[in-house]
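Geometric and topological summary
Here are the chains, one letter per residue:
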Amino acid sequence: GVIIVIPPVSNDTGIKQIPDAAHPWVAPGPGDQRGPCPGLNTLANHGYLPHNGIVSFEQIVTAVGEGFNMEHDLASALAGFAMLARGNAYLDLVSIGGESPLIPVLPDEIDGPNPPGGLAKHGRFEGDVSMTRQDAAIGDNVNFQDSLYDELLLYTGQFGDDSPVTGNRSIVTTKVMQEFKYARFLEDQVRNKVLEYHVGRLSLSYGEAAFVLNFFANGTTGTLSQQTMGSFLRNQTFPDNWFRKSSPGNLTFIASSATEILLAHPVAAGANNANGSYILDAPLPVCSAPYYNLAVQNLPASLNNATGILARNVITLVQAIAKPFGCPPVAPAGPV
Ligand code: HEM
Ligand code: MG
């Protein structure tokens, strides 16, 4: 086993050009894992993460800080959740794509008899109403989908700002995301008979829309051109002359951007029933409903049966997830 240690906070958190000369784009090969996260895929394509897509907690925290200026505690919470949800927290390894022979079953089959599925596996982390991936029940939930991206471009042309360079309406704004995210929800609510949009997934999905606006934007201007967005989402490569965000983006910042996107057309947490009706969830009277839904209701209670290094890592990671929410850490209590 590997004892997981949270990396120190970096003091290199200003604006800078990415990638540097040591991190050119290299196409993923046949054995390399890529998955539903365009941020992690891009980092792996440039070698900020291991090119094979099999990564440790520490490597994720360091890479998203270096490449995108994602703040340390937000990065640690996401990486900790990824590791507990779909990785092997005993070996400190998670696949950013699908199941891998490099990542075996957890000790004592603590999360069931199968190897961890990787971030591409539906449920726990990967979920419904993504922007450029289809819901698992109706299509490809892992790879970039042209048809969905075309829709995002249509909304950019309709609701975006004019580019000062080309004069075309091609700047991706909060307004674009407000309209696009609502349209995506309405589509999937109708098409996906088993749609699940509980508060954890709902919050993550609006957070991911905020990632597009805030972490893909060029740090020099803070604006996001359609071309830059396509570089990340479609090609999974850093664009030319791109600078990362000029200051670290933390959970409070991302949550406020996500809330601004949501409130234009509020959608409440819920799921479809057998008749395809969207049934709202009862509110959760807890410190933070997204935290509790993701990390307590959604992570298997069997993780509490771990011993030794795995037990120690589970505690480290549960604490890392709780920290930016300002909530006391709560042990996982969900199904395998
Ligand atoms: C989506 C993991 C950091 C951008 C996802 C998904 C996972 C994931 C599992 C799929 C969820 C779904 O849509 O069903 C992670 C982890 C991170 C991380 C563990 C560690 C810190 C980042 C960063 C960025 C980013 C730094 C941007 C720079 C996105 C976007 C999506 C996404 C835009 C949504 C894609 C879509 O809806 O089509 N991420 N991510 N992520 N991630 Fe990440
Ligand atoms: Mg998804």
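Structure first, text after, so check above.
Okay, so let's go over this structure.

Rules used throughout
- Residues numbered from 1 in each chain as written.
- Chains lettered and ligands numbered in written order.
- Predicted model: local features only at pLDDT ≥ 70, side-chain atom pairs only at ≥ 80, totals over all residues.
- Heavy atoms only, no water.
- Donors = N, O, S within 2.8 Å, 3.2 Å for Na, K, Ca; no water.
- Helix = DSSP H or I, 4+ residues; strand = E, 2+ residues; numbered from the N terminus.
- Core = buried A, V, L, I, M, F, W, Y, C linked by side-chain atoms within 4.5 Å.
- Buried < 20%, exposed > 50% of the residue type's maximum accessible area, 1.4 Å probe, protein only.
- Contact = heavy atoms within 4.5 Å.
- 1 Å grid on protein atoms, 1.4 Å probe; cavity = no way out; pocket = protein on both sides within 12 Å on 5 of 7 lines; lining within 4 Å.
- Points joined across faces, edges and corners; volume = space filled by probe spheres on them.
- Nonpolar A, V, L, I, M, F, W, Y, C, P; charged D, E, K, R; others polar.
- Phe/Tyr/Trp six-rings, centres within 6.5 Å; stacked < 30°, edge-to-face > 60°.
- Lys NZ or Arg CZ within 6 Å of the ring centre and 35° of its normal.

**Regarding the coordination of the iron atom of ligand 1**
A lone protein donor contacts the iron atom of ligand 1, and this donor is Cys37 (SG), found at 2.3 Å. When you line up the elements, cysteine 37 lands in the segment before helix H1 (38-45).

**Quick word on the nonpolar core**
The biggest cluster of nonpolar side chains holds 83 residues, and the ones touching the most others in it are Leu43, Leu84, Met177 and Tyr197. Considering each element in turn, this core owes the most residues, nine residues, to helix H3 (residues 72-86). Once residues lying within four places of it in the same chain are set aside, the contact partners of methionine 177 are Met131, Leu152, Ala209, Val212, Leu213 and Ile261.

**Focus on empty space enclosed by the protein**
If you walk through the whole model with that rule in mind, you get one cavity of 30 Å³ or more. Estimates place the volume of the largest cavity at around 640 Å³. In terms of lining residues, the largest cavity is bounded by 29 residues, among which Cys37, Pro38, Gly39, Glu208 and Phe211 are the most central. Broken down by secondary-structure element, the contributors of at least two residues to the lining of the largest cavity are H1, helix H2 (57-68), H3 and helix H6 (199-215). For the lining of the largest cavity, the element with the highest residue contribution is H6, accounting for six residues.

**Quick word on the coordination of the magnesium ion (ligand 2)**
Coordination sphere of the magnesium ion (ligand 2), protein contribution only: Glu126 (OE), Gly127 (O) and Ser130 (OG), at 2.0 to 2.2 Å. One chain supplies every donor to the magnesium ion (ligand 2), and in sequence these donors are spaced E-G-x2-S. Per residue, the accessibility class of glycine 127 equals that of serine 130, and both read buried.

**A short note on the layout of surface pockets**
The calculated volume of the largest pocket comes to roughly 550 Å³. In terms of lining, the largest pocket is formed by 27 residues, of which the most central are Ser203, Leu204, Leu251, Pro290 and Phe325. Of all the secondary structure elements, the ones that give two or more residues to the lining of the largest pocket are H3, H6, helix H8 (251-264) and helix H9 (289-296). Looking at which element gives the most residues to the lining of the largest pocket, the answer is H6, with nine residues. Residues that form the lining of the largest pocket fall into these classes: 21 nonpolar, five polar and one charged.

**Concerning the packing of aromatic side chains**
As enumerated under the stated definition, the model contains 17 aromatic pairs in all. Centroid distance phenylalanine 68 to phenylalanine 232: 5.6 Å. Interplanar angle 55 degrees. Geometry classified as tilted. Here phenylalanine 232 lies in helix H7 (residues 226-235) and phenylalanine 68 lies in helix H2, a separation of 164 residues in the sequence. Pair check on accessibility: phenylalanine 68 and phenylalanine 232 agree, each one buried. Here tyrosine 291 and phenylalanine 325 contribute two aromatic rings whose centre-to-centre distance is 5.7 Å and whose plane-to-plane angle is 45 degrees, an arrangement assigned as tilted. Separated by 34 residues along the polypeptide, tyrosine 291 in helix H9 and phenylalanine 325 in the segment after helix H10 (308-322) bring together distant segments of the chain. Phenylalanine 325 sits in the partly exposed class, given a relative accessible area of 26%. An aromatic cluster is defined as three or more aromatic residues linked by ring pairs; in this entry it consists of Tyr48, Phe68, Phe216, Phe232, Phe238 and Trp242. In this structure, lysine 181 is placed above the aromatic ring of tyrosine 206, and the distance from its NZ or CZ to the ring centre is 5.0 Å. The positively charged end of lysine 245 is found above the aromatic ring belonging to phenylalanine 253, 4.4 Å away from the centroid.

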